[in-house]
Amino acid sequence: MAGALAVGYLVPSLAALCRPWILPAIVAILTVAMMRLDIDRLRGYARRPGMIAAAVAVNLVVAPLAVWLVLLPLGAPEGLRQGLVLLAAAPMVSSAIAIAAILGLDSALAVAVMVASYAIVPVTLPALSLWLLGLDLGVGFLDLFARLFATIAVPAVAAGILRRWIVPRAALIRNARAVDGIGVLFVVLFCLGIVDGLPAFAAERPDYVLLALGGTFAANIGLQALGAVLFVRLGRREALTVGLVTGNTNLGLVLVTLADTAPPELLVCFVVGQVPMYFLPVIALPVYRRLMRA
């Protein structure tokens, strides 16, 4: 998945070929993630609604407010400021569930946070970005709500139909790795498509691209630390899980929602914001393992 970003950057013609498939890829990625939800494990956390509500509040409300407050005195460029706030306001990326499992964290908790956050993000993201933070995204509240809701509702309905009438539960469990592999293929398609236009922009404004890259890395790491610190009393495993899902957010969902209205500077933030999500886990694996052993 990380390699797809590099390939798309180095082969612009391939990125241009994949660009029209960004939205279908996002829908497919979310459909696969929702098909793979472990309902039995999810029920365990349904009995702890307070904890899930707190994690979702940190993910969707506390995180963007914290980023906004940090950026206020720094005088960051408008596109970068908007991009980092929206990065923090987006729901967790679905691949964080797999990353949590690889890192030895609580993947069931990650699933519970994902379900709850995707249910309410069509309300929280427009309200925070347009009303509280005053970001000019070129769309109104209802329009942004409708776009987000449709982008989430279509995969949810498709996954429900597939689970109920087309793919029996036993077959889904038996072919879990193959289903995950299909999801990875669509992530690769998405990563190739979003890089289209980035090389030309980087040639004209390399300083802004490097600033956006550094900002998204700092935001990802900082939000992971924030989420973990706020939940440290629950236990190290749970705290690190909340940190993971707070820092790794679904910028692709925001990208496809605002692609026709966002200025190039904001779109660049959405694109380079994918880099930390796919490269940091490689670096973080020994760190997380050391923390878990400690």
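Before any of the text, the structure's been laid out above.
Predicted model only: the values in this text are computed from it and were never measured. (Residues numbered from 1 in each chain as written. Predicted model: local features only at pLDDT ≥ 70, side-chain atom pairs only at ≥ 80, totals over all residues. Heavy atoms only, no water.)

### A word on the overall build of the protein
Note the following rule: Helix and strand labels come from DSSP, where a helix needs a run of H or I of at least four residues and a strand needs a run of E of at least two; each type is numbered from the N terminus. Note on method: radius of gyration uses C-alpha positions; expected globular size equals 2.2 Å times residues raised to 0.38. Each residue gets one of three labels from its accessible area relative to the maximum for its type: buried under 20%, exposed over 50%, partly exposed in between, using a 1.4 Å probe on protein chains only. Between two residues, a contact is recorded if the distance between any of their heavy atoms is within 4.5 Å. Under the convention used here, Asp and Glu are negative, Lys and Arg are positive, and both His and the chain ends fall outside the count. To locate a charge, take atom NZ for lysine, CZ for arginine, CG for aspartate or CD for glutamate.
Counting its secondary structure elements, the protein contains 17 helices and zero strands. A compact globule built from 294 residues would reach a C-alpha radius of gyration of about 19 Å, and the protein, at 18 Å, matches this within 12%. With the principal axes as the frame, the protein shows a C-alpha extent of 50 × 40 × 40 Å. For the protein, with 294 residues in total, the buried portion stands at 51%. The long-range fraction of contacts in the protein, counting pairs at least 24 apart against all pairs at least 6 apart in sequence, stands at 81%. Treating the 20 positive side-chain charges of the protein as one cloud and the 13 negative ones as another, the clouds have centres 16 Å apart.

### Thoughts on the environment of Leu125
Within the fold, Leu125 resides in helix H8 (residues 107-132). A relative accessible area of 1% places Leu125 in the buried class. Between the C-alpha atoms of Leu125 and Phe141, which are 16 residues apart in sequence, the distance is 9.3 Å. Not counting the four nearest positions on each side in its chain, Leu125 is found in contact with Leu86, Ala89, Ala90, Leu144, Leu148 and Val254.

### Some points on the nonpolar core
Cut-off, in case you're wondering: We define the nonpolar core as a collection of buried residues of types Ala, Val, Leu, Ile, Met, Phe, Trp, Tyr and Cys that are connected through side-chain atoms lying within 4.5 Å of one another.
Among the nonpolar cores identified, the biggest contains 102 residues, and Leu86, Leu137, Phe190, Leu258 and Phe270 are the most heavily contacted of them. When residues of this core are assigned to their parent elements, the largest contribution, eleven residues, is made by H8. Sequence-distant contacts of Leu86, defined by excluding residues within four places in its chain, comprise Leu125, Ser129, Leu135, Leu137, Leu251, Val254, Leu258, Leu266 and Phe270.

### So, the packing of aromatic side chains
Going by this rule: Here a Phe, Tyr or Trp ring, Trp counted by its six-membered ring, pairs with any other such ring whose centre lies within 6.5 Å, and the pair is stacked when the planes are under 30 degrees apart, edge-to-face when over 60, and tilted otherwise.
Inspection of the entire model under this criterion finds three aromatic pairs. For the pair Trp131 and Phe141, a centre-to-centre distance of 4.5 Å together with 15° between the ring planes defines the contact as stacked. You can see Trp131 sitting in helix H8 and its partner Phe141 sitting in helix H9 (residues 141-166), a full ten residues away along the chain. Taken together, a centroid distance of 6.0 Å and an interplanar angle of 15° make the contact between Phe145 and Phe149 stacked. Of this pair, Phe145 and Phe149 both sit in helix H9, four residues apart, which is roughly one turn of the helix. Assessed through its relative accessible area of 29%, Phe145 is described here as partly exposed.

### Some details on the state of the cysteines
Put simply, the test is: Whenever a pair of cysteine sulfur atoms sits within 2.5 Å, that pair is classed as a disulfide.
Applying the stated criterion across every chain, the model contains zero disulfides. Free of any disulfide, Cys191 has its nearest neighbouring cysteine sulfur in Cys18, separated by 10 Å. In this model Cys269 remains outside any disulfide bridge; the closest cysteine sulfur is found in Cys191, 17 Å from its own.

### Overview of the pattern of salt bridges
As a reminder, the rule being used: The rule for a salt bridge is simple: a side-chain nitrogen of Lys or Arg has to be within 4 Å of a carboxyl oxygen of Asp or Glu.
The full count for this structure, using the stated rule, is six salt bridges. One salt bridge in this structure joins Asp180 and Arg36, with 2.9 Å as the shortest N-O distance. Here Asp180, found in helix H11 (residues 176-194), pairs with Arg36, found in the loop between helix H3 (22-35) and helix H4 (39-46); they are 144 residues apart in sequence, far enough to count as distant. We classify Arg36 as partly exposed; its relative accessible area is 30%. Among the salt bridges present, the one from Arg147 reaches Asp143, with a minimum N-O distance of 3.3 Å.

### Thoughts on the environment of Gly227
As for its placement among the helices and strands, Gly227 is situated in helix H13 (residues 206-230). Sequence-wise, Gly227 and Ala176 are 51 residues apart; in three dimensions their C-alpha atoms are separated by 30 Å. The residues touching Gly227, leaving out its near neighbours within four places in the chain, are Val58, Ala239, Val242, Gly243 and Thr246.

### Looking at helix H15 (residues 251-258)
Because an α-helix packs 3.6 residues into every turn, residues spaced three or four apart end up facing the same way. For H15, the buried fraction is high: eight of the eight residues fall into the buried class. Restricting attention to buried positions, one finds in H15 the residues Leu251, Gly252, Leu253, Val254, Leu255, Val256, Thr257 and Leu258.

### Notes on H3
Definition in use: Multiplying one less than the number of residues by 1.5 Å gives the expected span of a helix.
The end-to-end C-alpha distance of H3 is 20 Å, a good match for the 20 Å that 14 residues give at a rise of 1.5 Å each. With eleven of 14 residues buried, H3 lies mostly within the body of the structure. Turning to H3, its buried residues are Ile22, Ala25, Ile26, Ala28, Ile29, Leu30, Thr31, Val32, Ala33, Met34 and Met35. Those residues of H3 that are buried lie in contact with helix H2 (12-18), H8, H9, helix H10 (169-174), H11 and H15.

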